[in-house]
There are 2 protein chains.
Amino acid sequence: MKNSDLCEIKCIHEDAVKQVKSEMLHETTFQKISEDFKILGDKTRIKILYALSKKELCVCDLSSIMGMTDSAVSHQLRLLRKSNMVKFRKEGKMAYYSLVDDHVVQLIKMGQEHAQE
Amino acid sequence: MKNSDLCEIKCIHEDAVKQVKSEMLHETTFQKISEDFKILGDKTRIKILYALSKKELCVCDLSSIMGMTDSAVSHQLRLLRKSNMVKFRKEGKMAYYSLVDDHVVQLIKMGQEHAQE
DNA sequence: TATTCAATTGAACATTTATTCATATGAAAA
DNA sequence: TTTTCATATGAATAAATGTTCAATTGAATA
């Protein structure tokens, strides 16, 4: 009995499965990648990141731009900080937020291209 | 009274807000972008896409690679089809899935780079 | 034709998640 | 010091989401 027959019987292409399995990344890598994309998978956060790519802004500026409450924006900023996408500096009562690097901008740009196809 | 004073009083940097507002994309654009990223924001779907980037595979192959039920995989494939990331061809009882283009692969690669920082 | 099998689908369930509201913090102004 | 204001936080709620289980479809095979 050939290997390929076995595959058919079990409804699995063993060679293909084995090959692809060996090429898969580590579980934690997939985890991290998907966590980052999950952060980008929300309209509010994408808008915040896009706004910050244009200019450093404080929370109430962002709230005004987004048309949302300070609280809602602040909650999202917390997530963005946690995932290392934005940083901030305090000046008196105000907190000025900006992007950590332009990696996110590149990702959004690519996403935009795909969305517009 | 200066404009900048007004800004401070209202806790809004009017000029910055006005400028950034004018540079924002359309609501539907942000919507589309975030929807695409939301699809990538799940470990199961990232793994499926990564596997398909290596080889065309049928549902049961994917199930075996993922260590999940056919049903769970099929549900996710439906979402991936809906968001135009994967396509499939039928051959008898089997359905062979593959990526629509390598756009997704590029995104995952970029996400991977960011995740590894 | 009846059966088998790969794949799909729908409903149910548990979990996650985004926003709201109320409250707390902490710095500047009165 | 007391008040005001920008921001942050916690709890609560409603909505969305991923997986499971049971049932269905449709094509090949017996």
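Relevant structure appears above.
Everything numeric in this text was worked out from a predicted model, so none of it was measured. (Residues numbered from 1 in each chain as written. Chains lettered and ligands numbered in written order. Predicted model: local features only at pLDDT ≥ 70, side-chain atom pairs only at ≥ 80, totals over all residues. Heavy atoms only, no water.)

Could you give an account of the overall build of chain A, with specific residues and numbers?
Across its full length, chain A carries 7 helices and 3 strands. Along chain A, helices (α) and strands (β) appear in the sequence α-α-α-α-β-α-α-β-β-α when read from the amino end. In chain A, which comprises 117 residues, the share counted as buried stands at 47%. Within chain A, counting contacts between residues at least 6 apart in sequence, those at least 24 apart form 44% of the total. Roughly 6300 Å² of accessible area belongs to chain A as shown, and the carbon and sulfur atoms make up 50% of that amount. (Helix = DSSP H or I, 4+ residues; strand = E, 2+ residues; numbered from the N terminus. Buried < 20%, exposed > 50% of the residue type's maximum accessible area, 1.4 Å probe, protein only. Contact = heavy atoms within 4.5 Å. Areas by Shrake-Rupley, 256 points an atom, 1.4 Å probe, with all protein chains shown as cover.)

Hey, could you go over the packing of helix 5 (residues 59-66) of chain B against helix 6 (residues 70-82) of chain B for me, with residue numbers and the actual values?
All names here are of chain B. For the pair helix 5 and helix 6, the least separation of the axes is 9 Å and the interaxial angle reads 110°. One way to sum up the angle between helix 5 and helix 6 is to call them roughly perpendicular. Of the two elements, helix 5 crosses helix 6, and the hand of that crossing is right-handed. For the pair helix 5 and helix 6, contact is made by Val59, Cys60, Leu62, Ser63 and Met66 and by Asp70, Val73 and Leu77, respectively. Of the residues in the contact of helix 5 with helix 6, the class split is 6 nonpolar, 1 polar and 1 charged. (Axes fitted to C-alpha atoms, helices over the stretch in contact; angles between N-to-C directions. Parallel < 35°, antiparallel > 145°, perpendicular 65-115°, else oblique. Left-handed = near helix turned anticlockwise from the far one by under 90°. Nonpolar A, V, L, I, M, F, W, Y, C, P; charged D, E, K, R; others polar.)

Mind laying out the nonpolar core, listing which residues take part and the relevant values?
Of all hydrophobic cores here, the largest spans 71 residues; its most connected members are Phe37, Leu40 and Leu49 of chain A together with Phe37, Leu40 and Leu49 of chain B. Sequence-distant contacts of Leu49 of chain B, that is, excluding residues within four places in its chain, are made with Leu40, Leu80, Met85, Val86, Leu99, Val104 and Ile108 of chain B. (Core = buried A, V, L, I, M, F, W, Y, C linked by side-chain atoms within 4.5 Å.)

Please set out the relation of the copies chain B and chain A residue by residue, giving values where relevant.
Turning one copy of the chain about an axis and sliding it along that axis gives the other copy, so a rotation and a shift relate them. Taken as rigid bodies, chain B and chain A are interconverted by a rotation of 180° and an axial shift of 0.0 Å, the fit giving an RMSD of 0.1 Å. Expressed as an axis order, the relation between the two copies is that of a two-fold axis. Taken as a fraction of all interface residues of chain B, those also at the interface in chain A reach 100%, which identifies the copy contact as same-surface. (Least-squares fit on C-alpha atoms with pLDDT ≥ 70 in both.)

Would you mind going over the interface of chain B and chain A in detail, with residue names and values included?
Contacts between chain B and chain A engage 54 residues on the former and 54 residues on the latter. Interface of chain B and chain A: buried area, both sides summed, is about 5400 Å²; carbon and sulfur atoms make up 68% of it. Area buried by chain B at its contact with chain A is led by Phe37, Met110 and His114 of chain B, which between them contribute 12% of it. Linking chain B to chain A there are 4 salt bridges. Salt-bridge contacts for Lys47 of chain A lead to Glu27 of chain B; the nearest nitrogen and oxygen are separated by 3.1 Å. Counting the contacts that link chain B with chain A gives 14 residue pairs in polar contact (both at pLDDT 80 or more). Looking at the side of chain B that touches chain A, the elements that each hand over two or more residues are helix 2 (14-23), helix 3 (27-40), helix 4 (43-54), strand 1 (57-58), helix 5, strand 3 (94-99) and helix 7 (103-115) of chain B. Examining the composition of the side of chain B that touches chain A, we find that 11 residues originate from one element, helix 3 of chain B, more than from any other. (Buried area = accessible area lost by both parts, 1.4 Å probe. Salt bridge = Lys/Arg side-chain N within 4 Å of Asp/Glu carboxyl O. Polar contact = N/O pair within 3.5 Å; in protein donor to acceptor, adjacent residues only side chain to side chain.)

Tell me what's going on with the sheet that holds strand 2 (residues 86-91) of chain A, and back it up with residues and numbers.
Residues and elements named next belong to chain A. Read across the sheet, 3 strands follow the order 1-3-2 without closing on themselves; strand pairing throughout is antiparallel. Unpaired on one side and paired on the other, strand 1 (57-58) and strand 2 mark the two borders of the sheet. The pairing of strand 1 with strand 3 (residues 94-99) spans 2 bridges and is antiparallel. Its bridge partner lying in strand 3, Cys58 is registered against Tyr96. Strand contacts of helix 4 (residues 43-54): strand 1, strand 2 and strand 3, with the helix running at about 90° to strand 3, the strand carrying the most contacts. (Pairing = 2+ DSSP bridges.)

Which residues make up the environment of Val86 of chain B, and what values go with them?
Residues and elements named next belong to chain B. Note on placement: Val86 falls in strand 2 (residues 86-91). With 12 residues separating them along the chain, Val86 and Ser98 place their C-alpha atoms 5.5 Å apart. Apart from residues no more than four positions distant in its own chain, Val86 is found in contact with Leu49, Leu52, Leu77, Leu80, Arg81, Tyr97, Ser98, Leu99 and Val100.

Could you give me a rundown of helix 4 of chain A, with the residues and numbers involved?
Residues and elements named next belong to chain A. Here helix 4 is 12 residues long and its end C-alpha atoms lie 17 Å apart, about the 16 Å a rise of 1.5 Å per residue gives. With 9 of 12 residues buried, helix 4 lies mostly within the body of the structure. Among all positions in helix 4, only Thr44, Arg45, Ile46, Lys47, Ile48, Leu49, Tyr50, Ala51 and Leu52 are buried. With a side-chain oxygen lying 3.1 Å from the backbone nitrogen of Thr44, the N-terminal cap of helix 4 falls on Asp42. (Expected span 1.5 Å × (residues − 1).)

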